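Chain by chain, the residues:
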Amino acid sequence: MRIDGCSALVTGAASGLGLATVTALHAAGAAVVLLDLPGAPGAAIVAALGDRTRFVAGDVTSVGDVHSAVEAAVSMAPLRIVVTCAGIAPAERTVGRDGPLPLDDFERVIRVNLTGTFNVIRLAAAAMLAAEPIDEMAIGLGAGSGAGAGAGGGGTAERGVIVTTASVAAFDGQVGQAAYAASKGGVAAMTLPLAREFARSLIRVVSIAPGVFDTAMLQGMPAAVRESLAAQVPHPARLGDPSEFAALVRHIVENPMLNGETIRLDGGIRMPPR
């Protein structure tokens, strides 16, 4: 699907994977709405990027905040791209020195990472359904047969693309990651049923499962820990760069055959127990 002329909504947009995605989509011609927490530097990012950007301060678990972000995107151009990068990654053992993990701590991770992702998807998808499909064969951008084919056909018409962020922890969760792995496993697990549901509406759903990336979460760790994590990546033996995540997002949007899949973006790493 073409990016130019569309609007995109990116959550967790003011840092790391989200910020790289915002930059890449904006450079490709999209109008981009950044949704992040009120304390995030969203306004400064919008000022730096200039036209076709808007910051909405809010929480992905809030119906009102996400609705405001969706409305902002629709007001700029047809909403066709949604990328969910917002998330938290606390590391806590199920039974630690102080006893069992408080249930509220587990539920908070699920609420932000899984319920928050679904909240964005359900509200954004409703707005996507109101937009007319793009027939890329008709404008000379598509390939294949059946230009303008109906839902479920082999044509090139598309209405939108939703890209979610899972994690390799969904498959290789480490000690202390029970809540995080459960939340990201849920994101991966709902990818196919969502893709199947929205297929008739010409909306694709794909998830990316990043490995160890050089984001704010890792930048706060000691250098020795960062070096150890980088050395665990078979090839390339380094931390991932957020721009590489953004490049995959762009490819997913532009490649109509990518749908219903969780793609590991991890340099071949398989996380050890600790």
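Residues numbered from 1 in each chain as written. Predicted model: local features only at pLDDT ≥ 70, side-chain atom pairs only at ≥ 80, totals over all residues. Heavy atoms only, no water.

As annotated in an unreviewed UniProt entry, the protein chain carries the name SDR family NAD(P)-dependent oxidoreductase and comes from Cryobacterium glucosi. Checking UniProt for the protein chain, the heading Sequence similarities (unreviewed entry) contains the comment "Belongs to the short-chain dehydrogenases/reductases (SDR) family." (UniProt positions renumbered as here; feature names shortened; annotations may be inferred.)

Caption draft 1: View of the overall build of the protein chain. A count of helices and strands for the protein chain gives nine helices and eleven strands. Relative to the compact-globule value of 19 Å for 274 residues, the protein chain shows a C-alpha radius of gyration of 19 Å, a close match. Each principal axis of the C-alpha distribution contributes one length, and for the protein chain these read about 60 × 35 × 35 Å. Residue burial in the protein chain is summarised as follows: out of 274 residues, 48% are buried. By sequence separation, contacts in the protein chain at least 24 residues apart represent 70% of the contacts at least 6 residues apart. A total accessible area of about 12300 Å² is found for the protein chain, and carbon and sulfur atoms account for 56% of it. Separation of charge centres in the protein chain, based on 20 positive and 24 negative side chains, amounts to 3 Å. (Helix = DSSP H or I, 4+ residues; strand = E, 2+ residues; numbered from the N terminus. Rg over C-alpha atoms; globule rule 2.2 N^0.38 Å. Buried < 20%, exposed > 50% of the residue type's maximum accessible area, 1.4 Å probe, protein only. Contact = heavy atoms within 4.5 Å. Areas by Shrake-Rupley, 256 points an atom, 1.4 Å probe, with all protein chains shown as cover. Lys, Arg positive; Asp, Glu negative; His and termini not counted. Charge placed at Lys NZ, Arg CZ, Asp CG, Glu CD.)

Caption draft 2: Focus on the nonpolar core. Counting residues in each nonpolar core, the largest one holds 32 residues, and the members touching the most others are Leu25, Ile81, Val83 and Ile252. For this core, the elements supplying multiple residues, two or more each, are strand S1 (7-11), helix H1 (16-27), strand S2 (31-36), helix H2 (42-49), strand S4 (79-84), strand S9 (160-165), strand S10 (203-210) and helix H9 (242-254). Among the elements that take part in this core, H9 stands out by supplying five residues, more than any other. Excluding residues within four positions of it along the chain, Leu25 makes contact with Ile3, Ala8, Val10, Ala30, Val32, Ile81 and Val83. (Core = buried A, V, L, I, M, F, W, Y, C linked by side-chain atoms within 4.5 Å.)

Caption draft 3: Inspection of the pairing of S9 at higher detail. In terms of residue burial, S9 counts as a mostly covered element, since six of its six residues are buried. Residues Gly160, Ile162 and Thr164 line one face of S9 and the alternating positions Val161, Val163 and Thr165 line the opposite face, and both faces are buried. For S4 and S9, the ladder comprises four bridges, and the chain directions are parallel. Each bridged residue has a counterpart across the sheet, and for Val82 the counterpart in S9 is Ile162. By the bridge criterion, six bridges tie S9 to S10 in an arrangement that is parallel. Bridge pairing in S10 links Gly160 to Ile203. (Pairing = 2+ DSSP bridges.)

Caption draft 4: Inspection of the side chain of Asp36 at higher detail. Relative to the assigned elements, Asp36 resides in strand S2. From its side chain, Asp36 meets the backbone nitrogen of Ala13 in a polar contact 3.2 Å long. In terms of polar contacts, Asp36 uses its side chain to reach the backbone amide nitrogen of Ala14, at 2.9 Å. For Asp36, the residues in contact, after removing those within four places along its chain, are Gly12, Ala13, Ala14, Ser15, Phe55, Val56, Ala57 and Gly58. (Polar contact = N/O pair within 3.5 Å; in protein donor to acceptor, adjacent residues only side chain to side chain.)

Caption draft 5: The arrangement of helix H6 (residues 178-199) in detail. Taking 1.5 Å of rise per residue, the 22 residues of H6 would be expected to cover 32 Å, and the 32 Å separating its terminal C-alpha atoms lies within 8% of that figure. Roughly 30 degrees is the biggest bend found in H6, and it falls at Thr191, with proline Pro193 one to four residues downstream. (Expected span 1.5 Å × (residues − 1). Bend = angle between axes of the 7 residues up to and from the residue.)

Caption draft 6: View of the sheet that holds S2. Strand order in this open sheet of seven strands is S3-S2-S1-S4-S9-S10-S11, and the pairing throughout is parallel. Single-partner strands in this sheet number two, and they are strand S3 (53-57) and strand S11 (262-265). Each adjacent strand pair in this sheet contributes to an overall mean axis angle of 20 degrees, direction not counted. (Axes fitted to C-alpha atoms, helices over the stretch in contact; angles between N-to-C directions.)

Caption draft 7: Seen up close, H1. A rise of 1.5 Å per residue sets the reference length of H1, with its twelve residues, at 16 Å; its end C-alpha atoms lie 17 Å apart and thus fit the reference within 8%. Listed as buried for H1 are Leu17, Gly18, Ala20, Thr21, Val22, Leu25 and His26. At the C-terminal side of H1, Gly29 shows a positive phi close to 105 degrees.

Caption draft 8: Region of interest: the packing of helix H4 (residues 103-129) against H6. H6 packs onto H4 with a crossing angle of 20 degrees between their chain directions and a minimal axis gap of 8 Å. One element, H4, and the other, H6, form an angle in the roughly parallel class. The hand of the H4/H6 crossing is right-handed. Within the contact between the two elements, H4 uses Phe106, Val109, Ile110, Asn113, Leu114, Thr117, Phe118, Ile121 and Ala125 and H6 uses Ala178, Ala179, Tyr180, Ala182, Ser183, Lys184, Gly186, Val187, Met190, Leu194 and Phe198. Classifying every residue of the contact of H4 with H6 gives 15 nonpolar, four polar and one charged. (Parallel < 35°, antiparallel > 145°, perpendicular 65-115°, else oblique. Left-handed = near helix turned anticlockwise from the far one by under 90°. Nonpolar A, V, L, I, M, F, W, Y, C, P; charged D, E, K, R; others polar.)

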